[in-house]
Structure formats: structure tokens, C-alpha cells
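Examining the three-dimensional arrangement
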Amino acid sequence: MLKYIGKRVLYMVFVFFIMSLVMFFLYNLIPGDPARAELEPMKSKLKPEQYQMRYEQLREQMGLDDPIIVKYGKWIGGVVQGDFGNSVRYKKPVIEIVKAPMGNTIFINIFAVVLALGISIPLGIICAVKRNSVFDNTVQVLTIVGYSLPVFIITLVGIFLFSVTLGWFPVSGMNTPNFKGTGLAFLLDRMHYLTLPLIVMTIGSLGGMTRYVRAAMIESLRMDYIRTARAKGLKEKVVIYSHAWRNALLPVITLIIGWFISIFSGSLVIEEMFNLNGMGKFYMDALRNQDYNVALAVQMFYMVVALVGNLIIDLSYGFVDPRVRVNR
């Protein structure tokens with residue numbers, strides 16, 4: 001197993017470098033002159049010869065005249081050491097300004113995933129056990145509706161219902177403007193602002209996950225060993241939660257981790273619509289302002305999340321089902 005993990009980690013490193021190379025080349029193909037953009041506000045204060053001299057110095061300082069492979073070598077060398085370059089917009093190292101939105105995105109997504117799983121897994125199991133009952137049919141209709149609606153429609157409905165009509169939650173932002181509280185007061189104020197985005201993200205995820213858990217459980221409950229377990233007189237709870245659910249867990253794990261990976265990119269819509277300071281909004285702002293060092297750093301973050309998520313999927317098979325445990 002350790003040998004397999006070692007191979008997978010080497011594979012991840014290889015893919016990371018290939019993808020970083022592709023992304024770096026693509027971003028460098030985008031038209032623009034960062035040196036001129038940085039110097040432009042000072043143009044009126046400089047004489048033409050001073051402007052030209054400062055411009056050439058800045059290009060040399062930024063390495064804009066280097067061959068692209070040399071630029072990549074310098075950039076990836078810095079990335080390996082935790083240096084993603086400087087932000088053109090914020091005039092600070094990227095690693096400093098990316099911490100806050102990254103923390104917010106991770107918090108929002110983990111909270112939403114745990115909340116959605118806590119609802120969808122029991123709901124899917126109950127629907128499978130009570131298949132074709134009134135409860136099951138009602139849930140199926142609701143999940144189809146939820147599954148069919150785009151996230152931005154759910155967001156608009158949520159804002160209209162909970163913010164405009166009922167006035168329970170703010171429309172946008174992460175905290176009350178000029179809020180001075182700390183500790184628990186700060187956390188409560190933030191959760192007040194994040195409750196509606198979390199509700200929207202959870203509702204948007206419930207439909208697909210509940211239907212998948214239900215289908216996996218129905219398939220598992222049809223197996224011969226389930227009939228054998230019942231014939232042996234085992235309690236129904238043991239049959240469902242110990243035998244059937246364990247067998248249904250394998251395909252569900254793939255979906256859960258794949259869903260967890262995709263929800264990071266999916267939160268971009270939520271962050272934009274609720275004006276949350278997360279990685280999605282941060283990325284869009286970076287693109288609008290041609291702040292490509294920031295955009296590349298965000299891309300690297302999503303890439304690492306995807307690679308680690310796929311590794312966890314592969315390893316989780318062995319832990320859940322000994323039949324697929326890898327020994328070489």
C-alpha cells in the first residue's frame with residue numbers, strides 16, 4: 001500500500017508540473033504589458049525619456065524580455081519555495097493576500113459539504129428502505145426539482161425569500177460593515193451573513209447526492225447476502241447500516257469526493273452573487289484586473305485540490321472494501 005501511495009504521489013507531482021507549465025504558457029499568451037500598466041499612473045509626472053528609462057528598467061526587473069521557458073523556470077522555482085510572485089493590483093506578495101480568501105472558501109465549502117452530507121445520506125437511506133412510499137415519492141419530486149435548478153436561480157429565490165421578504169439574512173458581504181467585535185461576537189456576526197449562502201449551497205447539492213445514495217442503497221438491498229442476513233435473524237438496523245450501507249458506500253465515496261472537488265469551483269457563483277471574499281471572487285477580480293500571478297496561484301490551488309481529492313478517492317476504496325485493497 002505504501003508503495004502504491006508513493007507511486008500516486010509521484011504521479012501527482014508529475015501532473016502538477018505539466019499542468020503548471022500549460023497554465024503558465026496560456027496566461028502568458030494573453031495580450032498585455034504589466035510594466036506599462038504599472039507605470040501608466042506615473043506617466044504624466046515623468047518626462048518622455050524618464051518614462052522610457054523607467055519602463056525598460058521595470059521590464060528587466062519583471063523579466064518580461066526573457067524567453068518564456070526562462071520565465072516559467074523562475075516562476076515555478078518560486079512556487080516550489082512558496083513564492084507565487086507579487087500582485088500587480090495589491091502591490092504585495094500573492095502568498096500574503098491569498099490567505100484570507102482561501103481560508104474563507106475552505107470554511108464555506110467544508111461547512112456546506114458536512115451539512116449536505118448530514119442531510120442527504122440519511123435521507124437517501126430512508127428513501128431506499130421506504131422505496132415507493134409516499135415519503136419516498138415526495139422526496140424524489142423535491143430532489144428532481146432541486147437537481148434541475150441552476151445554483152444562481154436557487155440563489156435568487158433564496159435572496160428574495162429570506163432577505164427581501166422575511167428580512168432574516170443580509171443580501172451580501174461577510175460581516176457587518178465596520179464591525180468591531182471579536183471572538184464569539186465576530187463569529188456570530190459572520191455566521192449571520194454566511195447562513196443564506198450556506199443554505200443555498202446545501203440545497204443545490206441535496207438533490208443529486210440524495211438520489212445517488214438512494215440508488216446505491218436500493219442496489220445493495222437487492223443483494224443475496226442481505227436476504228441471508230435477514231434470514232439469519234439479524235436486526236433490520238444492522239442489516240441496513242452495517243451490511244447494505246457498507247456495500248453502497250464504495251460508489252458513494254467516489255461521488256462525495258468528486259462533488260467536494262467540484263464544489264470549490266461551484267462556489268465561484270455563490271461568492272460572486274453574495275459578494276463573499278472567497279477564492280472564486282478573488283479569481284474573477286484577478287482576471288478583470290489582469291493580475292495573472294494571483295490568477296495562476298488560484299489555479300494552482302484548484303489543481304492541488306483536484307489531485308489530492310483523486311488520491312483520496314483511490315485510497316478510500318481500500319479502506320472501505322478490502323477486496324480492492326492495493327498491495328503492490
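Parameters and conventions
Within each chain, residues carry numbers counting from 1 in the order of the written sequence. Since the coordinates come from a predicted model, pLDDT governs what is reported: local features require at least 70, and pairs of side-chain atoms require 80 or more to be given and counted, while whole-chain, interface and lining totals use all residues. Side-chain calculation: all heavy atoms of the structure are included, whereas hydrogens and water are not. Helix and strand assignments follow DSSP, with helices taken as H or I runs no shorter than four residues and strands as E runs no shorter than two, numbered in order from the N terminus. Three exposure classes are used, based on accessible area relative to the maximum for each residue type with a 1.4 Å probe and protein chains only: buried under 20%, partly exposed in between, and exposed over 50%. Residue contacts are counted whenever heavy atoms from the two residues lie within 4.5 Å of one another. Two N or O atoms count as a polar contact when they lie within 3.5 Å, although within protein this holds only if one can serve as hydrogen donor and the other as acceptor, and sequence-adjacent residues are included solely when both atoms are side-chain atoms. The pairing test for Phe, Tyr and Trp rings, Trp by its six-membered ring, is centres within 6.5 Å, and the orientation test on the planes gives stacked under 30 degrees, edge-to-face over 60, and tilted for anything in between. Ring-over charges, as used throughout, are those where CZ of Arg or NZ of Lys falls within 6 Å of the ring centre and within 35 degrees of the ring normal.

We now examine the side chain of T143. Along the chain, T143 falls in helix α7 (residues 134–148). Using a relative accessible area of 6% as the deciding quantity, one classes T143 as buried. In this structure T143 touches G207, T210 and R211, once residues within four positions along its chain are discounted.

For the rest of this paragraph, the subject is the environment of N289. Among the secondary structure elements, N289 is positioned in the loop between α12 (279–288) and α13 (292–320). Accessibility expressed as a relative area gives 39% for N289, which makes it partly exposed. When the C-alpha atoms of N289 and V88 are compared, they prove to be 8.4 Å apart, with 201 residues separating the residues in sequence. Polar contacts involving the side chain of N289 include one to the main-chain carbonyl oxygen of D285, which spans 2.7 Å.

A word on the packing of aromatic side chains. Applying the stated criterion across every chain yields a total of 12 aromatic pairs. Their ring planes at 50° and their centres at 5.9 Å tell us that Y27 and Y292 sit as a pair that is tilted. Within this pair, whereas Y27 is found in helix α1 (residues 2–29), its partner Y292 is found in helix α13, the two being separated by 265 residues in sequence. On the basis of relative accessible area, Y292 is assigned to the buried category, the value being 18%. A centroid spacing of 6.4 Å and a plane angle of 90° characterise the contact between W168 and F169, whose relative ring orientation is edge-to-face. Relative accessible area serves as the criterion here: at 17%, F169 is assigned to the buried category. Put simply, the rings of F24, Y72 and W75 touch in pairs and so form one group of aromatic residues. For K130, the ring lying beneath its charged end belongs to F135, and the centroid distance is 6.0 Å.

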